[in-house]
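Inside the fold
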Amino acid sequence: MIKMQKITVKELVCAVHGTLLCGNENTVLAAVNTDSRSVKAGEVFLPLKGEKFDGHDYIESALKNGAEGCLCARVPETLQAGKFYIKVEDTTLALKDLASWYRGGFDIPIVQITGSVGKTTTKEMIASVAAQHFRTLKTEANFNNEIGTPQTLLRLGAEHEAAVIETGMDRAGQIRYLGEMVRPDIAVITNVGDAHIEYLGSRENILKAKCEIFDHLAPSGVAVLNGDDALLNTVSYPQRIVRCGESETCDVRVTDFSDHGIDGIACTVTTENDTYHLTVPAPGHHMIYAVSMAVAVGEELGMTKEEITRGVRFYEPAGSRMHVIRLPENRRLLDDCYNANPQSMASSLRVLASSEGKTIAVLGDMAELGELTEQAHREMGALTRELGIDCVIAIGEKAKKIAEENPVKAKWFADISSAMTTIKREFTAESAMLVKASHSMHLEKIVEELTKA
């Protein structure tokens, strides 16, 4: 259920470019619901269609459960009395149209974020900073696709003074599609890496797909880019561009980096306006990009130095993204198993290598790398050897190449269940263990098992 500001059926029909088949156009709606099981009075049921399901099959049930009416691309044979039915061409497109129309009712600064690596981390950091001055809506978890993005926008309410929206992609055209709804004032691209290269073919094509974010950037808007990314440094647009990173050419520059291991980092960020001495309660050199971009956005929003500094200090990681779990006997579990690609896995391995005591890397398959698959996994195996990781546990058919590149320290297992005994045995006192793979490997099961134990 997505609670929104109240609208009438008449407004809904107009927003989704639909046709009212029957029902009262003055009925007031307070929420959109795509789940027929939880729908209730005051809500409209929006049946989505996927590869293995069709919400249209549950329209009758949703209406009996209390929905005031429904949208439908496939009209039911029998229409229930007292309910409204709005005919649309496609319900997913209708959800987009509704969110786009609804977003138009809010004159607040909106930040849209995309990138190959670090989208969610950057979103959380920018939202943490923005929240020190504005009542801020942010994308929950990683609800950043054709369904999650409109659902996020529909959560906007009168209380919100700013929004930070994460948008993901795995094909060309997707960021443009999402940007039609978001229409940002500030567009952020974290980097251009190898994620989804299987579908897009090259980093150059990935760059083009990411730059679709500018198609709907306000003419007076600002682009905040990774200034250390070679491909992003080729980007030129009419809107003002602020580049962030360590390079001397960056507008927002990071210096004096200090690595405190899994306890976090410290750095200095210098802009045209001020100098910020910042501490970040999250590990890894890669955090400097989220930090510098958050400083850039904070200044664009007119925030004070104290607000920006406090927001960085209060940052908390979302979900299984370099979440440090401290267990008895000084065992530290680095839960970074939400997703993986070569760039993010390399960053996580470097954080692990900086940890005190025995270091263990539990690494699974990285997906959607296409022709780079074998090379990328071999490079990760070589990196574990170069960094001196004490024990490597590789899981999955693709991850077998990780183990092959570090035969002395690495062990390979076909699946989680066969690896679990070794994982528990190796996770001894005074040790640090990294768990990382693409989401499809479901290595969160390992984290759950270890924390339960």
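Each remark here, short or long, concerns the structure printed above.
A word on a nonpolar patch on the surface. Taken together, the side chains of L21, V75 and L79 present a nonpolar region at the surface, about 210 Å² in accessible area. Relative to the elements of secondary structure, V75 occurs in the loop between strand 5 (69-72) and strand 6 (84-87).

Right, let's get into unusual backbone geometry. Phi at H17 takes a positive value of approximately 55°, unusual for a residue other than glycine. Along the chain, H17 turns up in the loop between helix 1 (9-15) and strand 2 (19-22). Under the relative-accessibility criterion, H17 is labelled exposed at 63%. Phi is positive for D256, which is not a glycine, with a value near 55°. Tracing the chain through its elements places D256 in strand 13 (residues 252-259).

Here the focus is the sheet that holds strand 6. Hydrogen bonds along the backbone pair up the strands of a sheet, which may run parallel or antiparallel. Taking strand neighbours across the sheet as the criterion, the six strands line up as 1-3-4-5-6-2 in an open arrangement whose pairing is mixed. Of all strands in the sheet, those bounded by a partner on one side alone are strand 1 (2-8) and strand 2. On average, each strand axis in the sheet is tilted by 30° relative to the strand beside it, whichever way the strands run. Helix 3 (residues 91-103) contacts strand 1, strand 3 (28-33) and strand 5 of the sheet and is inclined by roughly 75° relative to strand 1.

We now examine helix 3. Over its 13 residues, helix 3 extends 18 Å from the first C-alpha to the last, a length consistent with the 18 Å expected when each residue adds 1.5 Å. Taken together, the buried positions of helix 3 are T91, A94, L95, K96, L98, A99, S100, Y102 and R103.

Reading the values: the criteria
- Residues numbered from 1 in each chain as written.
- Predicted model: local features only at pLDDT ≥ 70, side-chain atom pairs only at ≥ 80, totals over all residues.
- Heavy atoms only, no water.
- Patch = residues over 30% accessible without salt bridge, like charges linked within 9 Å, V, L, I, M, F, W, Y side chains within 5 Å.
- Areas by Shrake-Rupley, 256 points an atom, 1.4 Å probe, with all protein chains shown as cover.
- Salt bridge = Lys/Arg side-chain N within 4 Å of Asp/Glu carboxyl O.
- Helix = DSSP H or I, 4+ residues; strand = E, 2+ residues; numbered from the N terminus.
- Buried < 20%, exposed > 50% of the residue type's maximum accessible area, 1.4 Å probe, protein only.
- Pairing = 2+ DSSP bridges.
- Axes fitted to C-alpha atoms, helices over the stretch in contact; angles between N-to-C directions.
- Contact = heavy atoms within 4.5 Å.
- Expected span 1.5 Å × (residues − 1).

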